[in-house]
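Spelled out, the chains give:
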Amino acid sequence: MERRFSPVLFAALCLGIAVLYVPILVLIAYSFNASALVSVWGGFSTQWYAELMHNRQILDAALLSLEVAVASSTAAVLLGTLAAIALVRFARFPGRLMLTGMVNAPLVMPEIITGITQLLLFVSMLQMFGWPHRGFTTIVIAHIAFCTAYVTVTVQSRLQSADRSLEEAAMDLGSSPAQAFVEVTLPIIAPALISSWLLSFTLSLDDLVISSFVSGPGASTLPMVIYSKVKLGVSPDVNALASLIICIVGSCVIAAGYFMRRQEKQRLLEMQIAERG
Amino acid sequence: MRLLERPGRWLIILPPLLFLTVFFLIPFAFAFKISLAETAPRVPPFTDIFTHTPDGHIQVSVSLANFKYLLTDEVYGIAYLYSLKTAFFSTLICLALGYPMAYAISRASKTTQSILLLIIILPFWTSFLLRVYALEGIIRDGGILNTVLLKLGLISQPLKIMRTSIAVYLGIIYSYLPFMVLPLFATLEKLDNTLLEAAADLGSPPWRAFLDVTVPQSIPGVIAGSMLVFIPAVGEFVIPSLLGGPDNLMIGRVLWDEFFGNHDWPVASAVAIAFLFLLAGPIAIYQYYNTRQQEA
């Protein structure tokens, strides 16, 4: 059957994409507005970007957010990959149903509920064991929990489509099961690991609600600072900061997408060659 | 089974299982416990449920006062209903917008498809908070939308969108649209084209084939997408807080104010627990369709 766009479908697609993109483009355009009044166009200027570089509060918050994001996405990729291996490779084990539930629930659980319940846990733990103090540690733990869910789902679908016979061939040739996994399957699922690390990184960098609950005095992440500024209304320096974050994250995503597509093509090519030879 | 010997399996299973149990599941038990306590002027600000009496017994003091309070103060009921209503209609609008988009993408050639998917996924990766903020720039009283409409002479005074229900709807639809499109695309892409050809051969006009073949087969995607929009939307905090007015009380906002404004942790916990019961049905539906799709 011939695949083609009807004009109605094409219009719907364009409308949807416009809805998604127009606000972001307008925001970026206004970040270069020389006027301090957000409604008036006062000419092109990069002054708001320059001012950001001198704002201690924003720089500190950005640094904390980056540290949290790196720590939690790295831990989440480790835990999430283990969970994905367990769910795909082990057909039955005690706790399987519970694990399935716990990796799917955070994807839909309203953040406000996750945030308040985790805070109450941390407070009770502090009372009982004297650990953890609210701040960096608690934010990282909370972020690992929801990032692990995203990693598991991403890696799981990749692992399901990976060809088991290659691993079996390696074992027939004398590899141990662990060795076969690391040398054969791990390279195949590597793109999924990279993309889930990046996904976790951006999710952690973006989180406002959960961080607000579990954070303590003195530990404000970037979204927390932005939220308190945005509460006061639209302002040119937030426009600049927002545009900067959107551009950095956007180019990371595009780069990751390009990288993974190339790797995928390379792999398909190698497999074709191997089949012919 | 073949991958590792049995004891080795637990090295793989235990770390994620233990971590998520301690830091995701057990917190709900603590929230439930604290929802049965009472506020107290101390740190942390609630009474103990279990206390040791001098003669060595453990005394349990629970109170359902917080849950009774939720029923008597009408602000909670109003907020629950308003949240459900807002989430429901936003989900319907997302479905109406997202279905044709997902359908169009699934009909495109493979190369166009991957570009279009990237275009849809990109906003999903970009900061949620910043996108809500970007929307505020469009719809506020002196924003682009009003400026353009005024210049064109279509309106004589700025439309009042900010701090109304309309702003909350726009915010939710704008933020959650990709969550609807992606699962819909996933099912529409797998659609069996031979069935459509068969329908055409048997004389069905394309719209009939669409209704009889495409729509029924895409139901799992419709449900997954709807739940991915509906459940987080009910609990949305950022959107009503930044775009809504004082009347647009959603439950997430009530919980936030109870916690950060009134410092009433037990009542906030009770709101969270009651909220969770309300969402148990939709979450179960989502889990059911999700596992079925994963196993398919």
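Rules used in this analysis
Residues numbered from 1 in each chain as written. Chains lettered and ligands numbered in written order. Predicted model: local features only at pLDDT ≥ 70, side-chain atom pairs only at ≥ 80, totals over all residues. Helix = DSSP H or I, 4+ residues; strand = E, 2+ residues; numbered from the N terminus. Buried ≥ 20, exposed ≤ 12 C-beta atoms within 10 Å, placed from the backbone. Contact = placed C-beta atoms within 7 Å. Axes fitted to C-alpha atoms, helices over the stretch in contact; angles between N-to-C directions. Parallel < 35°, antiparallel > 145°, perpendicular 65-115°, else oblique. Nonpolar A, V, L, I, M, F, W, Y, C, P; charged D, E, K, R; others polar. Domains from an automatic or database assignment. pLDDT = per-residue confidence, 0-100. Core = buried A, V, L, I, M, F, W, Y, C linked by C-beta atoms within 7 Å.

## Considerations on the overall build of chain B
Thinking step 1. The secondary structure content of chain B amounts to 13 helices and two strands.
Thinking step 2. With the principal axes as the frame, chain B shows a C-alpha extent of 85 × 70 × 30 Å.
Thinking step 3. Counting over 296 residues, chain B shows a buried share of 43%.

## Re the overall build of chain A
Thinking step 1. The secondary structure content of chain A amounts to 11 helices and zero strands.
Thinking step 2. What you see in chain A, going N to C, is helices and strands ordered as α-α-α-α-α-α-α-α-α-α-α.
Thinking step 3. Sorting the 277 residues of chain A into buried and exposed places 41% on the buried side.
Thinking step 4. Counted over contacts in chain A with a minimum sequence separation of 6, partners at least 24 positions apart contribute 75%.

## Considerations on the packing of helix α4 (residues 96-108) of chain A against helix α6 (residues 136-161) of chain A
Residues and elements named next belong to chain A.
Thinking step 1. The N-to-C vectors of α4 and α6 enclose an angle of 110 degrees; their axes lie 8 Å apart at closest approach. By the angle between their axes, α4 is roughly perpendicular relative to α6. Between α4, through Val103, Pro106 and Leu107, and α6, the contact on the second element is made entirely by Ala145, Phe146, Thr148, Ala149, Thr152 and Val153.
Thinking step 2. Each residue belonging to the contact of α4 with α6 can be placed in one class, and the counts come to seven nonpolar, two polar and no charged.

## Details of the interface of chain B and chain A
Thinking step 1. Taken together, the contact between chain B and chain A spans 78 residues of the former and 67 residues of the latter.
Thinking step 2. With 17 residues, the single largest contributor to the side of chain B that touches chain A is helix α1 (residues 6-35) of chain B.
Thinking step 3. In terms of residue class, the side of chain B that touches chain A is made up of 59 nonpolar, 12 polar and seven charged.

## Let's talk about the domain arrangement of chain A
Residue and element names in this part refer to chain A.
Thinking step 1. Splitting chain A by domain gives domain 1 (10-45) and domain 2 (55-276).
Thinking step 2. Measuring from the centre of the C-alpha atoms in domain 1 to the corresponding centre in domain 2 gives 30 Å.
Thinking step 3. With eight residues of domain 1 at the interface, the matching set in domain 2 holds eight residues.
Thinking step 4. A per-class count over the side of domain 1 that touches domain 2 returns six nonpolar, two polar and no charged.

## Side note on the confidence of the model for chain B
Thinking step 1. Across chain B, the average pLDDT comes to 88, with 97% of residues at 70 or higher.
Thinking step 2. Across the interfaces of the predicted complex, the ipTM metric reaches 0.88, alongside a pTM of 0.89.

## A word on the nonpolar core
Thinking step 1. Ile116 of chain A together with Leu255 and Val271 of chain B are the most contacted members of the largest nonpolar core, which totals 156 residues.
Thinking step 2. Counting residues per element, this core draws most heavily on helix α7 (residues 165-189) of chain B, at 14 residues.
Thinking step 3. Counting contributing residues per domain, this core is built from domain 1 (10-45) and domain 2 (55-276) of chain A, each supplying no fewer than three.
Thinking step 4. When residues no more than four places from it in sequence are discounted, the contact partners of Leu255 of chain B are Ile112 and Ile116 of chain A together with Ala268, Val271 and Ala272 of chain B.

## Quick look at unusual backbone geometry
Thinking step 1. The step from Trp131 of chain A to Pro132 of chain A runs through a cis peptide bond, and the omega angle for that step is -5 degrees.
Thinking step 2. One can find Pro132 of chain A in the loop between α5 (111-129) and α6.
Thinking step 3. Look at Arg163 of chain B: it is not a glycine, yet its phi comes out positive at around 65 degrees.
Thinking step 4. With respect to the secondary-structure elements, Arg163 of chain B resides in the loop between α6 (144-151) and α7.

## Topic: helix α10 (residues 222-230) of chain A
Thinking step 1. Counting buried positions over the nine residues of α10 of chain A gives seven, a clear majority of the element.
Thinking step 2. Of the positions making up α10 of chain A, those classed as buried are Leu222, Pro223, Met224, Val225, Ile226, Tyr227 and Val230 of chain A.
Thinking step 3. Buried residues in α10 of chain A make contact with α3 (56-89), α8 (177-206), α9 (209-214) and α11 (236-276) of chain A together with α5 (128-139) and α11 (238-243) of chain B.

## Thoughts on the environment of Arg107 of chain B
Thinking step 1. You can see Arg107 of chain B is positioned in helix α3 (residues 74-107).
Thinking step 2. Spatially, the C-alpha atom of Arg107 of chain B lies 40 Å from that of Leu20 of chain B, the residues being 87 residues apart in sequence.

## Details of the environment of Pro187 of chain A
All names here are of chain A.
Thinking step 1. By the element assignment, Pro187 lies in helix α8.
Thinking step 2. By C-beta crowding, Pro187 is classed as exposed, having 11 other C-beta atoms within 10 Å.
Thinking step 3. Taking the C-alpha atoms as reference points, Pro187 and Ser235, 48 residues apart in sequence, are found 46 Å from one another.

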